[in-house]
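# A structural walkthrough
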Amino acid sequence: MKKGMFCIFVILLFSTLEAGTLLKIHSADILKQNQIGGKTIYGNVDIEYDIYRVKCDSAVINKDMTHARLFRNIQFSDTSRTIRCKSATLSKTPNGNMAYLLGDIRITEKDFYITGKEASMNEITDRVSVTDSVIVKYFKFPSALYCKQLELATGEEIVSSESVDSVHYIDSLRYYKLFTRSFSYDIKKEKLVFETKFSLEAHEFSEPYMRFKQTDPAKILSVVKNLKIIKDGYFSANRGAFIFDSLNIDTAGKCSFVQFDREKADTLYFNSDRIVYSEAAQRGDATGNVKIRKDKMIIEAKRTSYYQKSETVKFFDKPVVTYDKSTVTGDSIELKIGKKDFYPETAVIYGNPVFRSQPEPDFPEEINILKGKLMNLWFSGKDISKIIVSKEAEGVYFIRKERSKTSEASNYLLGDEMVINFADGKIDNASIKGGCEGVYYPDKMKKEVLKPKKK
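Report on the accompanying structure.

Criteria and cut-off values
The numbers attached to residues start from 1 for each chain and follow its sequence in the written order. Owing to the predicted nature of the model, reporting of local features is limited to residues with pLDDT of at least 70; listing and counting of side-chain atom pairs is limited to 80 or more, with chain, interface and lining totals taken over all residues. To obtain the side-chain values, all non-hydrogen atoms of the structure were included, while hydrogens and water were left out. What counts as a helix is a DSSP run of H or I of at least four residues, what counts as a strand is a run of E of at least two, and both are numbered from the N terminus. The atom set for the radius of gyration is the C-alpha atoms, and the globule formula is 2.2 Å times the number of residues raised to the power 0.38. The buried label applies to any residue whose accessible area, calculated with a 1.4 Å probe on protein chains only, is under 20% of its type's maximum; exposed applies above 50%, and partly exposed to all values in between. Residue-level accessible areas treat just the shown protein chains as cover; the underlying method is Shrake-Rupley with a 1.4 Å probe. Under this rule, positive means Lys or Arg and negative means Asp or Glu; His and the chain ends count for nothing. To locate a charge, take NZ of a lysine, CZ of an arginine, CG of an aspartate or CD of a glutamate. Criterion for a salt bridge: a side-chain nitrogen of Lys or Arg within 4 Å of a carboxyl oxygen of Asp or Glu. The distinction between a cavity and a pocket rests on a 1 Å grid over the protein atoms alone: a 1.4 Å probe fits inside a cavity but cannot get out, while a pocket stays open yet meets protein on both sides within 12 Å along at least five of seven lines, and a residue with an atom within 4 Å of a point counts as lining. Grid points are joined across faces, edges and corners, and a volume is the space filled by probe spheres set on the points. Only heavy atoms matter for contacts: two residues are in contact if any of them lie within 4.5 Å across the pair. Between N or O atoms, a polar contact is any pair within 3.5 Å; within protein, one atom must be a potential hydrogen donor and the other a potential acceptor, and residues adjacent in sequence are included only when both atoms are from side chains.

## Details of the overall build of the protein chain
The helix and strand inventory of the protein chain stands at 2 helices and 34 strands. Whereas a compact globule of 455 residues would reach a radius of gyration of roughly 23 Å, the protein chain reaches 33 Å, over 25% beyond that. Counting the 455 residues in the protein chain, one finds 47% classified as buried. Accessible surface, the protein chain: about 23500 Å² in total, of which carbon and sulfur atoms supply 50%. Each charge class in the protein chain was averaged separately, 72 positive and 62 negative side chains, and the resulting centres sit 1 Å apart.

## Overview of the pattern of salt bridges
For side chains of opposite charge, pairing can occur when their charged atoms come near one another. Scanning the entire structure with this criterion turns up 14 salt bridges. A salt bridge links Asp216 to Lys137; the shortest N-O distance between them is 3.4 Å. Of this pair, Asp216 sits in the loop between strand 16 (198-205) and helix 2 (220-224) while Lys137 sits in strand 9 (residues 127-138); the two residues are 79 residues apart in sequence, bridging distant segments of the chain. Residue classification places Asp216 among the partly exposed residues on the basis of a relative accessible area of 23%. Residue class for Lys137 comes out buried when judged on its relative accessible area of 12%. Among the charged side chains, a network of salt bridges with common partners joins Lys86, Asp104 and Lys117.

## A short note on empty space enclosed by the protein
Under the criterion given, the structure shown has 2 cavities of 30 Å³ or more. Lining the largest cavity are Met297, Val321, Tyr323, Val328, Ile333, Leu335, Pro344, Ala347, Ile349, Leu377, Phe379 and Ile384. Secondary structure elements with two or more residues in the lining of the largest cavity: strand 24 (320-323), strand 26 (332-337), strand 27 (344-350) and strand 30 (374-380). Residue contributions to the lining of the largest cavity peak at 3 residues, all from strand 27.

## Looking at the side chain of Thr115
Topologically, Thr115 is positioned in strand 8 (residues 112-122). When sequence neighbours within four positions are dropped, the list of residues in contact with Thr115 reads Ile105, Arg106, Ser133, Val134 and Ile135.

## Some points on the environment of Val439
By the secondary structure assignment, Val439 is in strand 34 (residues 437-442). Look at Val439 and you get partly exposed, because its relative accessible area is 27%. Along the primary structure Val439 and Val396 are separated by 43 residues, whereas in three dimensions their C-alpha atoms are 9.7 Å apart. Beyond its immediate chain neighbours, meaning those up to four positions away, Val439 contacts Ser410, Asn411 and Tyr412.

## Structural notes on unusual backbone geometry
For Glu190, which is not glycine, the phi torsion reads 50 degrees and is therefore positive. Among the secondary structure elements, Glu190 is positioned in the loop between strand 14 (183-186) and strand 15 (191-194). Accessibility expressed as a relative area gives 18% for Glu190, which makes it buried. A positive phi angle, near 55 degrees, is found at Lys318, a position not held by glycine. By secondary structure assignment, the location of Lys318 is in the loop between strand 23 (312-316) and strand 24. Accessibility expressed as a relative area gives 60% for Lys318, which makes it exposed.

## Comments concerning the side chain of Thr312
Here Thr312 lies in strand 23. Among the polar contacts made by the side chain of Thr312, one reaches the side chain of Ser310 at a distance of 2.9 Å. The contacts of Thr312, once residues within four sequence positions are left out, are Ser305, Tyr306, Tyr307, Glu334, Leu335 and Lys336.

## As for the environment of Thr89
Among the secondary structure elements, Thr89 is positioned in strand 6 (residues 82-93). Exposure remark for Thr89: the relative accessible area of 24% places this residue in the partly exposed category. A C-alpha to C-alpha distance of 9.9 Å links Thr89 and Ile61, two positions 28 residues apart in sequence. Apart from residues no more than four positions distant in its own chain, Thr89 is found in contact with His67, Ala68, Arg69, Met98, Ala99 and Tyr100.

Written out as structure tokens, the structure reads:
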């Protein structure tokens, strides 16, 4: 989709402006000449204009062959493209060629198809413009762009629009829909820029749609209605820049992504102030008020980095992870993400890691705590299955057979390494290695475990 939906009209329009326009009549059924040398020709008109061979029903041409008006069934053709319209005015001026096309504009070239009501090709201002209900269809990678006006600055090789309605694209796995008001595309740099808010939808199919290349881009919506969708994704930002040669993305201002899984009733939320991605580095960075929420997990950080090759995400500047009824904090956190879904498989917490279990509502003081210098976590499904705390490991946990009842006792543990195993979201057992120290507080003494300990 990276070039298909935004530069599909560039190849067509850029090559329509060339220097040195000349009109030359090849043939016509009837030719009439007035007293000042002007010509009116009828029936099977065949003339040359610039790089085009032009056919129409009739034409009026001035004496110097530098100005012409064409009427009915007009067709401009060269070796690669065809332009059709109902009427046209062609002019050669001292500063350059000008052409105005009116009525059911249709521009085709190989896989490209552009329609509109009016078009102008102007060498004086180095601008090509197609206006009024413009539709750009690209068949090779089925997509359709809808807007009121497209403009190409031929000198700078920048195409832009201030009146975009939407862009639709389909492939074998997803249907995409882009909404924005304005954009610019630098042809030389292959750089697409949104200076105003844009939003992108992505809808994933349950089964691959293998006939997408045979789809008429203008009929994408009707095709999608008959396909089963299992996931919906929505991304938006206040502005963005995309470089397509080696894909680089930079979006800023209320960056937001939401993905809904229709079958699992599962939702992923992502927010940040800025997102930067480099395909060459296979790395993405999010900064400023980063927040991720999925099912039981909420992660908040000031800065995060995603490493595509290793499928790891790192959170920096004292991130906070809330997972079910537990919180994990540290100087930085690294998550290994599962391939099929955004759930952690393992986690490493560096620099003053602290694990706290959220208390039961009826027993707010009974908080399980693990501390150390390094912490490793393992997950089974959506639950924490194991924690290893290394280097000055310290643990406090309450012993409770049933969650709905008060704890029976508490334990304080200290050692070089502590291993905690979980079952059904609760601490099942604990073991200590090196420098072991443990204190058991039964029954009424159990809250003594929360008092500071001298080491």
